[in-house]
There are 2 protein chains.
Amino acid sequence: MKDSRRRFEPAEYAARQAKTRLAMEKQGLDLLIVSDPSNMCWLTGFDGWSFYVHQCVVMGSQGELFWFGRGIDAPTAYLTTDLAQSEVITYPDHYVQSPEIHPMDYLAGIVKQRRVHTGKIGVEKDNYYFSARAMESLTHCLPDAQFVDATGLVNWQRAIKSPQEIIYMQRAGKVIEQVYQRIMQVAEPGMRKNELAAEILHAGTWGTTDYYGDYTAIVPLMGMGEEAAACHLTWDGTRLEQNNGMFLELAGAHNRYHCPVSRTLYFGEPSTKYRDIEKVIAESIEILLPLFKPGNTCGELAQTFFTHLHNHGYEKNNRCGYSIGMSYPPDWGERTMSLRANDPTILQAGMCFHFMPGMWFDDWGFEMTESITVTEQGGLCLANVPRQLLVK
Amino acid sequence: MKDSRRRFEPAEYAARQAKTRLAMEKQGLDLLIVSDPSNMCWLTGFDGWSFYVHQCVVMGSQGELFWFGRGIDAPTAYLTTDLAQSEVITYPDHYVQSPEIHPMDYLAGIVKQRRVHTGKIGVEKDNYYFSARAMESLTHCLPDAQFVDATGLVNWQRAIKSPQEIIYMQRAGKVIEQVYQRIMQVAEPGMRKNELAAEILHAGTWGTTDYYGDYTAIVPLMGMGEEAAACHLTWDGTRLEQNNGMFLELAGAHNRYHCPVSRTLYFGEPSTKYRDIEKVIAESIEILLPLFKPGNTCGELAQTFFTHLHNHGYEKNNRCGYSIGMSYPPDWGERTMSLRANDPTILQAGMCFHFMPGMWFDDWGFEMTESITVTEQGGLCLANVPRQLLVK
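Positions within a chain are numbered from 1, following the residues in the order the chain's sequence is written. By the order in which they are written, chains take letters starting at A while ligands take numbers starting at 1. Totals for whole chains, interfaces and linings use all residues, but because this is a predicted model, local features are given only for residues with pLDDT of at least 70 and pairs of side-chain atoms are given and counted only at 80 or more. The side-chain quantities take in all heavy atoms of the structure and omit both hydrogens and water.

S.K.: Would you mind showing me how to read the overall build of chain A here?
M.R.: Note on conventions: DSSP H or I runs of at least 4 residues are helices, E runs of at least 2 residues are strands, and numbering of each starts at the N terminus. For chain A, the count of helices and strands is 10 helices and 17 strands. Taken over C-alpha atoms, the radius of gyration is set against a globule rule of 2.2 Å times the number of residues to the power 0.38. Whereas a compact globule of 392 residues would reach a radius of gyration of roughly 21 Å, chain A reaches 22 Å, a difference of no more than 12%. By principal-axis analysis of the C-alpha atoms, chain A measures approximately 70 × 45 × 40 Å. Under the scheme applied here, a residue whose accessible area is under 20% of the maximum for its type counts as buried, over 50% as exposed, and between as partly exposed, the area being computed with a 1.4 Å probe on protein chains only. Taken over 392 residues, chain A has a buried fraction of 67%. Note on contacts: a residue pair qualifies if any of its non-hydrogen atoms lie within 4.5 Å across the two residues. In chain A, the proportion of contacts linking residues at least 24 apart, taken out of those at least 6 apart, comes to 70%.

Rendered as structure tokens:
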């Protein structure tokens, strides 16, 4: 690993691998094929935009641990991981996006060579970038293996953040603070939406003098007026309007760690409906924050929030938060715990959540969210962005 | 569809759907489940960053055509497609990222209700975002169907661009021209890499006065010095160095259409190895450009390029280009034709390629690429960026 690319000590990677092997043991897995780029990075440090082709980290219940990917991506593995050259195994370029042959056919050959082709093999059947065809190839080429769904196995090991991870998330928090400062400086009616997005991306990538801004796993999402009802819409070249509200779903990132913070921006004098929901959501954050402490469950927090909304005449039927940490596109969520009524996960110190009380109505929307880490003293916000409807 | 979100006339969408149904007929498909966000958008206009949860467009060989996704994303479908409300079908939020139930279980119920659950169903087994678990769910819930791999079926229909699509790609070309102008203005040794990335993202999103910049399906890739050997590396907070070269793999985007153009930037007086490869690659573009005309094959072009390299003492064993058009993360390639020796695809007018003569060596790299559309008169570059080693 190149020094400037080192984000964690070898001991931290070793601890992550050991923890994952323990989880494998509990599931009786002999081998684990990890295709999710976030899981690959968390286990080994591997960091590059090469997840558009098939690649994975392969881990045995014993010593086995190697990176498998396209030939031209091997240098990225040398620069960003501590794996020996012999543990960086590549497939030839004619396997890339070919209808006839599949990189997983090639991987199967490697797995056989290394004599780890029997027993129980875990694959991330519903994580990103592990396709139905990848599964078919492995099943076909490794008939002596028993494949088991290991979706989320590594993701769950990531739930409790180390002190160094919390530091990176707080740095991402500094980055998102800069982004909102820029927005308040430059946003104005008449500006094209893409111009505001350009400023957001500039501020988020520039970061602070001390902490560079990394790319976020989701691009800035924004919707104004009736478009604010569509919560995953991206910008176009239309203009921002006076007397209208716009949600901004944004994050800061540093070393692939994310700190999402959403706000709603209003040009002019906000109507009562905006002020009403602002008050209810601000109160809900005040009520929930102290509850982000060990022992409470995700379900309890969600229920407290939904009850608060209900008592004020609002209803929400989708989840109001999820676990966060390191991530790659297309999602900055960790895909483990969710803040929803039926999630029984018990909070532990070091877990991190995007508490996401976004409200979408038929023809408008409102978001005011916080990224929160669980501590013995209750929730700690990872960024300090003015918690209010942003009015200009 | 909202007027400001309309990118193509209803007739163009209808023609695309008809063309796709014809391809389905040839494969004997009764139903097609399209999960690739680029294919979904091309067929219906659907455009939002919601591909991190399961969603698809479902198309029958006859009239059937509906969007299927998460409840909160229905407004995006209303704003960006011409589908009737009854053709926007959603699954409840507790299906999102749940280990117990899967959105495809729910889709199977819909498919049964609509009585299209028997016969041959095409699924994109190796396109993005169609997971192994999605396949398992469908297979399990629709035992009367025969599932067929339709990876690339829609992608291939997209290969020849319409005049309106070429216009959008040329606008994306205007955007990338602005990006390189900005780079030449601001790049300097001592600058942090993220600061340069911030400028690139700002210029690329600002676009031109007339054409907004959309987000690109790949973030700016850059590597300097030894890191230039790692072709899919992204930025960090380290500084740009004097007397060193850096590859920049970038694209402009507009209305989701991409125009990738890569260049190499050098601070100081370039060493001979940079000047040598610059000359060879520039010549190769001059030689290949006229060959981008109907009748030639992808393989012939690739072979001509590899031979030219070989004659000048260089070897390249990976592909040197691929089809481009509309795209979503994680890749701006269309995943159909590749410029590689064994690709027999015959060029037709309106096809678009990223001709990608990137050269990666052990401890450095060089990229100088063009996006090209095939015309009767030969290849036409979609952008006009100075074709040289960028020296400052």
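S.K.: Teacher, can you tell me more about the pairing of strand S12 (residues 352-355) of chain A here?
M.R.: Successive side chains on a regular strand alternate, one facing one side of the sheet and the next facing the other. Residue and element names in this part refer to chain A. Judged by which residues are buried, S12 turns out to be covered on both faces: Cys352 and His354 on one side and Phe353 and Phe355 on the other are all buried. With three bridges connecting them, strand S10 (residues 321-324) and S12 associate as antiparallel partners. Across the sheet, residue Tyr322 finds its bridge partner in S12, namely His354. Pairing between S12 and strand S15 (residues 370-373): four bridges, direction antiparallel. By the bridge assignment, His354 is partnered in S15 with Ser371. Whether two strands pair comes down to DSSP finding at least two bridges between them.

S.K.: Got a minute to help me understand the environment of B:Phe292 in this structure?
M.R.: Residue and element names in this part refer to chain B. With respect to the helices and strands, the residue Phe292 is situated in the loop between helix H9 (272-288) and helix H10 (298-311). The sequence separation of Phe292 and Leu380 amounts to 88 residues, and the corresponding C-alpha distance is 8.1 Å. When neighbours within four sequence positions are excluded, Phe292 is seen to be in contact with Leu301, Leu339, Leu347, Phe353, Phe355, Ile372, Val374, Thr375, Gly378 and Gly379.

S.K.: When you look at the sheet that holds strand S1 (residues 31-34) of chain A in this model, what are you seeing that I'm missing?
M.R.: Note: strands within a sheet are paired through backbone hydrogen bonds, in either parallel or antiparallel orientation. Residues and elements named next belong to chain A. Spatial ordering of the open sheet is given by S4-S3-S2-S1-S5-S6, a layout of six strands whose pairing is mixed. Where the open sheet ends on each side, the last strands, each with one partner, are strand S4 (88-91) and strand S6 (145-149). Averaged over all neighbouring strand pairs, the angle between strand axes comes to 25°, with direction disregarded. One ladder, built from four bridges, connects strand S2 (residues 56-60) with strand S3 (residues 65-70); its direction is antiparallel. Bridge pairing in S3 places Met59 opposite Leu65. All axes here are fitted lines through C-alpha atoms, helices being fitted over the stretch that makes contact, and every angle between N-to-C directions spans 0 to 180 degrees. Against the sheet, helix H5 (residues 132-141) engages S1, strand S5 (119-123) and S6, with an angle of about 155° to S6.

S.K.: Would you mind showing me how to read the relation of the copies chain A and chain B here?
M.R.: Two chain copies, one operation linking them: a rotation about an axis together with a shift along it. It takes a turn of 180° to lay chain A on chain B, together with a shift of 0.0 Å along the axis; the resulting RMSD is 0.0 Å. These values place the two chain copies in the arrangement generated by a two-fold rotation axis. When each C-alpha of chain A is compared by its distance to the rotation axis, A:Ala132 comes out closest, at 1.9 Å. A symmetric contact is evident, with 100% of the interface residues of chain A recurring at the interface of chain B. Least-squares fitting of one copy onto the other uses the C-alpha atoms of those residues that reach a pLDDT of at least 70 in both copies.

S.K.: Where do I start with the packing of aromatic side chains in this structure?
M.R.: Both the distance between ring centres and the angle between the ring planes are used here to describe each pair of aromatic rings. Any Phe, Tyr or Trp ring, taking Trp's six-membered ring, that has another such ring centre within 6.5 Å forms a pair; planes under 30 degrees apart are called stacked, those over 60 apart edge-to-face, and the others tilted. Here the structure, examined in full by the defined rule, presents 49 aromatic pairs over all chains. With 5.3 Å between their ring centres and 50° between their planes, A:Trp49 and A:Tyr215 make a pair best called tilted. Within this pair, whereas A:Trp49 is found in the loop between helix H2 (37-44) and S2, its partner A:Tyr215 is found in the loop between helix H8 (193-206) and strand S7 (221-224), the two being separated by 166 residues in sequence. Neither A:Trp49 nor A:Tyr215 differs from the other in exposure class; each is buried. Centroid distance B:Phe51 to B:Tyr129: 5.4 Å. Interplanar angle 40°. Geometry classified as tilted. Note that B:Phe51 is positioned in the loop between helix H2 (37-44) and strand S2 (56-60) and B:Tyr129 in the loop between strand S5 (119-123) and helix H5 (132-141), a separation of 78 residues in sequence. As far as burial versus exposure is concerned, B:Phe51 and B:Tyr129 are alike and both buried. Whether a charge sits over a ring comes down to the Lys NZ or Arg CZ being within 6 Å of the ring centre and within 35 degrees of the ring normal. The positively charged end of A:Arg192 is found above the aromatic ring belonging to B:Trp206, 4.6 Å away from the centroid.

S.K.: I tried to follow the interface of chain A and chain B on my own but got confused; where do I start?
M.R.: Interfaces are often sized by the accessible area lost when the parts come together. Contacts between the two partners involve 78 residues from chain A and, on the opposite side, 78 residues from chain B. A simple way to read buried area is as the amount of 1.4 Å-probe accessible surface that goes missing from two parts once joined, with both sides added. Buried area between chain A and chain B, summed over both chains or domains, comes out near 6,700 Å², and the portion from carbon and sulfur atoms is 54%. Salt bridges are defined by distance alone: a side-chain nitrogen of Lys or Arg within 4 Å of a carboxyl oxygen of Asp or Glu. For the interface between chain A and chain B, the tally reads 12 salt bridges. Of the charged contacts in the structure, one is a salt bridge between A:Glu227 and B:Lys2, with a shortest N-O distance of 3.0 Å.

S.K.: In this structure, what is going on with the environment of B:Gly245? I would like to understand it.
M.R.: All names here are of chain B. Considering the arrangement of structural elements, one finds Gly245 in strand S8 (residues 244-254). In this structure, the C-alpha to C-alpha distance between Gly245 and Gly365, residues 120 residues apart in sequence, is 8.1 Å. In this structure Gly245 touches Gly223, Met224, Gly225, Leu265, Tyr266 and Tyr274, once residues within four positions along its chain are discounted.

S.K.: What's the story with empty space enclosed by the protein in this structure? I'm lost.
M.R.: If a probe as big as a water molecule is rolled over the atoms, it shows which places are left empty. Here a cavity means grid points, on a 1 Å grid over the protein atoms only, where a 1.4 Å probe fits yet cannot get out; a pocket means an open set of points with protein on both sides within 12 Å along at least five of seven lines; lining residues are those with an atom within 4 Å of a point. Grid points are joined across faces, edges and corners, and a volume is the space filled by probe spheres set on the points. Overall, the coordinates contain eight cavities of 30 Å³ or more when judged by the stated rule. One number sums up the size of the largest cavity: a volume of about 410 Å³. Taken together, 36 residues line the largest cavity, and the ones lying closest to its centre are A:Leu201, A:Val219, A:Pro220, B:Leu201 and B:Val219. For the lining of the largest cavity, the elements supplying multiple residues, two or more each, are helix H7 (163-186), H8 and strand S8 (244-254) of chain A together with helix H8 (193-206) and S8 of chain B. Across the lining of the largest cavity, the residue classes break down as 27 nonpolar, seven polar and two charged. For this scheme, ten residues count as nonpolar: Ala, Val, Leu, Ile, Met, Phe, Trp, Tyr, Cys and Pro. Four count as charged, namely Asp, Glu, Lys and Arg, and the remainder, Gly too, count as polar.

S.K.: What exactly am I supposed to notice about the sheet that holds strand S15 (residues 370-375) of chain B here?
M.R.: All names here are of chain B. The strand order across the open sheet formed by five strands is S11-S10-S12-S15-S16, and the pairing between neighbours is antiparallel. Single-partner strands in this sheet number two, and they are strand S11 (333-338) and strand S16 (378-381). Averaged over neighbouring strand pairs, the angle between their axes works out to 40° when direction is ignored. Note that S15 and S16 share four bridges and pair antiparallel. Within S16, the residue paired with Val374 across the bridge is Gly379.

S.K.: Just to check I follow, could you spell out the pattern of salt bridges for this structure?
M.R.: Any two side chains of opposite charge can pair, given that their charged atoms come close. What the rule picks out here adds up to 54 salt bridges over all chains. Across the salt bridge formed by B:Arg133 and A:Asp149, the nearest N and O atoms sit 3.9 Å from each other. With B:Arg133 in helix H5 and A:Asp149 in strand S6, the pair connects residues from two separate chains. Each of A:Lys2, A:Arg5, B:Lys193, B:Glu226, B:Glu227 and B:Asp236 takes part in one network of salt bridges that share partners.

S.K.: How should the layout of surface pockets be read in this particular structure?
M.R.: As a volume, the second largest pocket reaches approximately 410 Å³. A:Ala229, A:Trp360, A:Phe361, A:Asp362 and B:Pro75 are, among the 18 residues lining the second largest pocket, the residues nearest its centre. Elements supplying a minimum of two residues to the lining of the second largest pocket: strand S13 (359-360) of chain A together with helix H3 (74-80) of chain B. Residue composition of the lining of the second largest pocket, grouped by class: nine nonpolar, four polar and five charged.

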